[in-house]
Amino acid sequence: MTMASLTLPQAGSVDRAERRHFIARHAGSMILLAAIGIIFVFPIAWAALSSFKSTNDIITGTFPLSWSSFLPLQPTFENYFYLFTELNFQRNLLNTLIAACGQVGIAVVASSLAGYAFARLRFPGSRVVFALLLLTAFIPVEAIIVPLYRIMQWLGLVSTYPALFLPFACNPFGIFLMRQAFRDIPLEMEEAAKIDGAGPLRVFLTIALPNVKPTLATLVLIQFIWSWNAYLWPLVIMQDPNKQIAQVAIANLKSIPNFPMDGPLFAAATAVTIPLVILSIVLQRYYVRGLVTSGMK
Amino acid sequence: MQATAAKPPRERQWTGQNSNPILGLAMILPAAAALALFQFLPLITAVLNSLQSFSPFDQSSTGWVGLDNYAELLADPAFRSALLNTFVYIALMLGLTIPLALVLAVLLDKRLPGSTWSRNAIIGALAASEAVTALIWNQMYEPSSGLFNAILNAVHLPTQPFLTGSSQALISIVIMSVWKDVGLPMLIFLAGLQAIPRELPEAAELDGASERQVFWTITLPLLRPSIIVALFMMTITATRMFTPILIMTQGGPQGSTTNLALYSYMLGFEFQSPGSASASVVCMLVVLALVTAAQSFILRDKEAK
Amino acid sequence: MAAGNNSSKPEGISRRALLAGMAGTALAGALAPGLIGTARAAGNGKIDLGGYAGPELTTEPVTLRFMRQDFTPDVNALLEGAYAEFTAAYPNITITEEKVPYGDLQKKLLVYIASNDAPDIMMGRTDFADAYHAGKVALPLQDYFAPEYVADIPENLRNAASSGGNLYCVPWETSVMLLYFNRDLFEKAGVPTPPEVEGLEGGWTDEELIARLEEVNAKLKAAGDNQSWALAAAGQGNGGPGANYSQLESIWIRSQGDPNAAKDSSAYKTLMGISDDGLSVSGYIDTPEAIKGMQYYQSLFSKGLTPLGPVPNQFPGGIAATYFGGLNFTNRFRVPGQEPKFKWGVSLPPKGNIVFNGNGSDSPLVWSKAKHPAEAVALLAFLCNDKNRLAFHKAWGSMPSRTSLRTAMSEFATEQPFKMASALSDASYSVPRTPGYFDYFNAMNPAVKDIALGADPAKVLPDTAAKIDRLLAKYK
């Protein structure tokens, strides 16, 4: 299975009559495609639009159906204002960023080291260890959450920043991805360096790493997105509201007695999601390749 | 799997591997240690905990009780219901996402105008987090002030309880998850489709086969590795479904949306029963193992190539 | 996540929303300088330690940790002023505090206990007195306090805070559940308002309440008002049905009980809510009386009298005719600039067989393994001395947990809402006594929500009873 790039060919080379004919034949499919796009864009777009409505407008204006169900008829920035002044949401975003950077940093280092070792070094038990490490991909975080919590307690790391990213920074996906990438490097390059007398470590640093930059980019992107979106583990391990990440903070906005925060909820959801959506679409080469690889183990 | 690099032009074949035990072990140490500590150890702990009982006050172990925790679970109707729901979630997710992903992949593979828009939208949906998606859909599902009932009302259809009705809650959550997660199998299928050499279906069409015949007899069998991968990933996703349930229904109404993942969490964090929670987790992993084993068996390569 | 056992005050982020409206800054301005002034003046180390009667405090350096919920800034300022005064009098003692969202308090407490490194003083509730006893979590306090002080706590509240003969936590406030009503809406509907009595007699029964609410609902709709509700959504805990069994929804079940019935009758058991050994619930929450009570509760939802989800600002916003709330609303509504746009009144919660109220109260406890128990109790006693408590109740709007304080606050002798609250509190009951109360209400809350959504109480209550029995087995 090759990692084919999934870009589309240019559609500009047919002449106009052919194009009209083409469109007529495929009109049905094109409408279908447009509809599909709308379905997948809609909820997030609706949330983004609603974030510019006041909470009262959201609750009273949606039902019965009218234009105000979808569009802010009296757009306001008050939700964002409230979010970033009263609720100090920027604090949560910062915490999320810290956790994501921690996870990405450790992932890159640990996965590259391990990936190279599995790709190019032979040592006793390497196959067994590799298989074991890959096995951990089957363990859903929901299954180990209670014992993992107690381990963190024992390490004294509950409610600390490292606790947010440490357990999941080294994951089998990263190791697999990097091993694949290192294997793809043409052997001649490494041979040449070895002839010059470079040891494996030197080869790793000067030849291997620079040549897997696209894969590293994929790893960074995927890990960043995974960390950014994490919910359950931060919910359980971070009990200090000042260090809590954005996803959990947003969920807390859902349940306040007699003060539903629909407006700030949508604003926060938009603030947290739109950057990621844009990032994943713009960098979809890397993102898609990463996702597809995560299944190929 | 990836083919190995071209062989060097010399007689002694170098597989590209150096024998260097110390460095090798040193380089895998960080990752291996982390995985051992944060994945294997909790797993083993969970299994061991499931065989012990604990004090509800300070969570210390009060002794080994063998399979008592498991017996208690089986006696709890809520556990049996959670077990059943876990299978229901798996069946519904697989039954909905895989065919849908296949259809979408085939459609997008044609590269008609509009495909980019469509594909980007699906990728965007994938990048949203579970928590945010659940919160947004929760608003849309609201029975008295939500968007879906507003639309139903406007076209004079009866409004639905959605998440507040014990018969609709589970499927409502599944539909949201399908929306969010169908992108992943779709991308896998798309990659698989693009790996099929164009000549094969073209040759078949020249021979007079209809598009549908081509699909079933040529495309689908060649997609089998992708299907296996997609099935596997969706099974794990469906088994560990947790965040949407916690946010949208907290397991209700009347336990109709509780699966083993949520049940274990509640036992562990709300009812101070680490022993039973661990036993429930072990059951969940067993279910996962059984389902994936069944899949591998059913879809095994029956013809030796 | 478990819903908090909230004494009917909003929590977390919403408190900050309150900040915008509360004229609390005015109150803080009036009180804080006074306290700080006292702190500067007290240089000789003698301050009023309230009911403290324990050993002399040490002169060694000590750090005391206090874990509590977050309050509004003005109340927080009061407490910080109190710490400053204490530290000025005992310079060797440093005080650090940890503020936790209200709903997470009990969970955090358990986490701390499990990690064997807990704060010296932690905010608990009388609801968990049996758990504190069974888990050896809290220090018995009766020997550290003067007998007069302990006797000053009303007997039912004192018993609620005690277990096995020891006082495990000190209620520093209490609360009652009252029925608020919007006079203007009742007038608009042409329906007589609930009786504003001062004692326990004369309030509406369950049937009367539901019938009147139906009338209000029908007449408001007939007059074209489609926005108002007869009963506002519950505002305690996380809001909506099944958010606060301990203080609100339990009323519907336990008010059907009878304290004077034979001890083995279902009426008596319905009131008690649990067996004497605190381990079994079947036969206590699934009695015919309990089912009847929950059927009344369910009819509120099935008849469209109250919404199913939390709705913004219903009662204070003037779009709900009635609301179950604590005394703090009365206090809040009387703050100049905070008055609601409508005329309002307070009545008793509906009577089943009796008028029932729960007396679960916020009660700080001292960790059993605190390194400096005397100093911790001294700080606690200081925070609970007359001056600090009176200032707290004035700012926060909660009800005092000591008889002498109630006497010191004149409104309890002169104004109807306070007199009624007093009577209710004196006749209130503790939550069902069990070391496993955390499990109990964590199982009851979802059950109540299911009933509100339409499930049959005759099925849900027995199922929940069986579930709670299973959960309580580990406390044997």
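Residues numbered from 1 in each chain as written. Chains lettered and ligands numbered in written order. Predicted model: local features only at pLDDT ≥ 70, side-chain atom pairs only at ≥ 80, totals over all residues. Heavy atoms only, no water.

As recorded in an unreviewed UniProt entry, chain C goes by the name sn-glycerol-3-phosphate-binding periplasmic protein UgpB, listed as coming from Paradevosia tibetensis. Here chain C is described in UniProt, under the heading Subunit (unreviewed entry), as follows: "The complex is composed of two ATP-binding proteins (UgpC), two transmembrane proteins (UgpA and UgpE) and a solute-binding protein (UgpB)." (UniProt positions renumbered as here; feature names shortened; annotations may be inferred.)

Trainee: It is not clear to me how the interface of chain B and chain A should be interpreted in this structure. Could you clarify?
Mentor: Size of an interface, as often reported, equals the accessible area lost when the parts are brought together. Across the boundary between the two partners, chain B contributes 105 residues, which contact 113 residues of chain A. When chain B packs against chain A, close to 9700 Å² is buried across both sides, 74% of that on carbon and sulfur atoms. Along the contact surface separating chain B from chain A lie 1 salt bridge. Ionic pairing is found between Glu142(A) and Arg240(B), a salt bridge with its closest N-O pair at 3.0 Å. Here chain B and chain A share 9 residue pairs in polar contact (both at pLDDT 80 or more) between them. For the side of chain B that touches chain A, the element with the highest residue contribution is helix α1 (residues 21–49) of chain B, accounting for 20 residues. A class-by-class count of the residues in the side of chain B that touches chain A yields 69 nonpolar, 32 polar and 4 charged. (Contact = heavy atoms within 4.5 Å. Buried area = accessible area lost by both parts, 1.4 Å probe. Salt bridge = Lys/Arg side-chain N within 4 Å of Asp/Glu carboxyl O. Polar contact = N/O pair within 3.5 Å; in protein donor to acceptor, adjacent residues only side chain to side chain. Helix = DSSP H or I, 4+ residues; strand = E, 2+ residues; numbered from the N terminus. Nonpolar A, V, L, I, M, F, W, Y, C, P; charged D, E, K, R; others polar.)

Trainee: Sorry if this is basic, but what is going on with the confidence of the model for chain C here?
Mentor: Any residue range with low pLDDT should be treated as having predicted coordinates unsuitable for detailed reading. Residue and element names in this part refer to chain C. The share of residues in chain C with pLDDT of 70 or more is 89%, and the mean pLDDT across the chain is 86. This model gives residues 1–45 a pLDDT under 50, and the stretch forms 106 contacts once residues within four places in sequence are excluded. Predicted as a complex, the structure gets a pTM of 0.83 and an ipTM equal to 0.82. (pLDDT = per-residue confidence, 0-100.)

Trainee: Just checking my understanding: could you explain unusual backbone geometry for this structure?
Mentor: Cis geometry is adopted by the peptide bond preceding Pro253(B), which originates at Gly252(B) and carries an omega value of -15°. Tracing the backbone through its elements, the reader meets Pro253(B) in the loop between α12 (243–248) and α13 (260–269). Not every positive phi belongs to a glycine, and Ser159(A) is a case in point at roughly 65°. Mapped onto the fold, Ser159(A) is located in the loop between α8 (141–155) and α9 (161–169). Overall, the relative accessible area of 13% leaves Ser159(A) in the buried class. The phi angle at Gln272(B) is positive, at roughly 50°, despite the residue not being glycine. For Gln272(B), the position within the fold is in the loop between α13 and α14 (274–298). A residue is classified by how much of its surface remains accessible, and Gln272(B), at 8% relative accessible area, is buried. (Buried < 20%, exposed > 50% of the residue type's maximum accessible area, 1.4 Å probe, protein only.)

Trainee: Is there a simple way to think about the pattern of salt bridges in this case?
Mentor: Pairs may arise between side chains of opposite charge once their charged atoms sit close together. All names here are of chain C. Taken as a whole and judged by the stated rule, the model has 25 salt bridges over all chains. The salt bridge involving Lys-474 is made with Asp-439; its shortest N-O contact spans 2.8 Å. Here the residue Lys-474 occupies a position in the segment after α20 (457–472), and Asp-439 occupies one in helix α19 (residues 437–452), the gap between them amounting to 35 residues. Residue classification places Asp-439 among the buried residues on the basis of a relative accessible area of 0%.

Trainee: What is the right way to read the pairing of strand β8 (residues 320–325) of chain C from this model?
Mentor: Looking along a regular strand, one sees side chains alternate from face to face of the sheet. Residues and elements named next belong to chain C. Counting buried positions over the 6 residues of β8 gives 6, a clear majority of the element. The pairing of strand β6 (residues 178–182) with β8 spans 4 bridges and is classified as antiparallel. Within β8, the position partnered with Leu-178 by the bridge is Gly-325. Relative to β8, strand β7 (residues 229–231) is paired through 2 bridges, and the arrangement is parallel. Each bridged residue has a counterpart across the sheet, and for Leu-231 the counterpart in β8 is Thr-322. (Pairing = 2+ DSSP bridges.)

Trainee: Looking at this model, I keep getting lost on the packing of α1(B) against α14(B). Mind explaining?
Mentor: Two measures define how a pair of helices packs: the angle their axes make with one another and the distance between the axes. All names here are of chain B. Close contact between α1 and α14 brings their axes to 7 Å; oriented N to C, the two are set at 115°. As α1 packs across α14, the resulting crossing turns out to be left-handed. Here Leu-43, Ala-46, Val-47 and Asn-49 of α1 lie close against α14, whose contacting residues are Gly-275, Ser-278, Val-281, Val-282 and Leu-285. Grouping the amino acids of the contact of α1 with α14 by side-chain chemistry returns 6 nonpolar, 3 polar and no charged. (Axes fitted to C-alpha atoms, helices over the stretch in contact; angles between N-to-C directions. Left-handed = near helix turned anticlockwise from the far one by under 90°.)

Trainee: I keep staring at the domain arrangement of chain C and nothing clicks. Help me out?
Mentor: All names here are of chain C. Partitioning chain C into structural domains gives domain 1 (62–175 + 360–427) and domain 2 (177–358 + 434–475). Listed per partner, the contact involves 27 residues of domain 1 and 26 residues of domain 2. A buried area of about 2100 Å², summed over both sides, lies between domain 1 and domain 2, and 64% of it is on carbon and sulfur atoms. When residues of domain 1 are sorted by the area they lose upon contact with domain 2, Gln-416, Met-420 and Leu-424 head the list and together hold 28% of the total. Counting every contact that joins domain 1 to domain 2 gives 2 salt bridges. Close ionic contact of Glu-198 with Lys-419 constitutes a salt bridge, the shortest N to O distance being 3.2 Å. Counting the contacts that link domain 1 with domain 2 gives 7 residue pairs in polar contact (both at pLDDT 80 or more). (Domains from an automatic or database assignment.)

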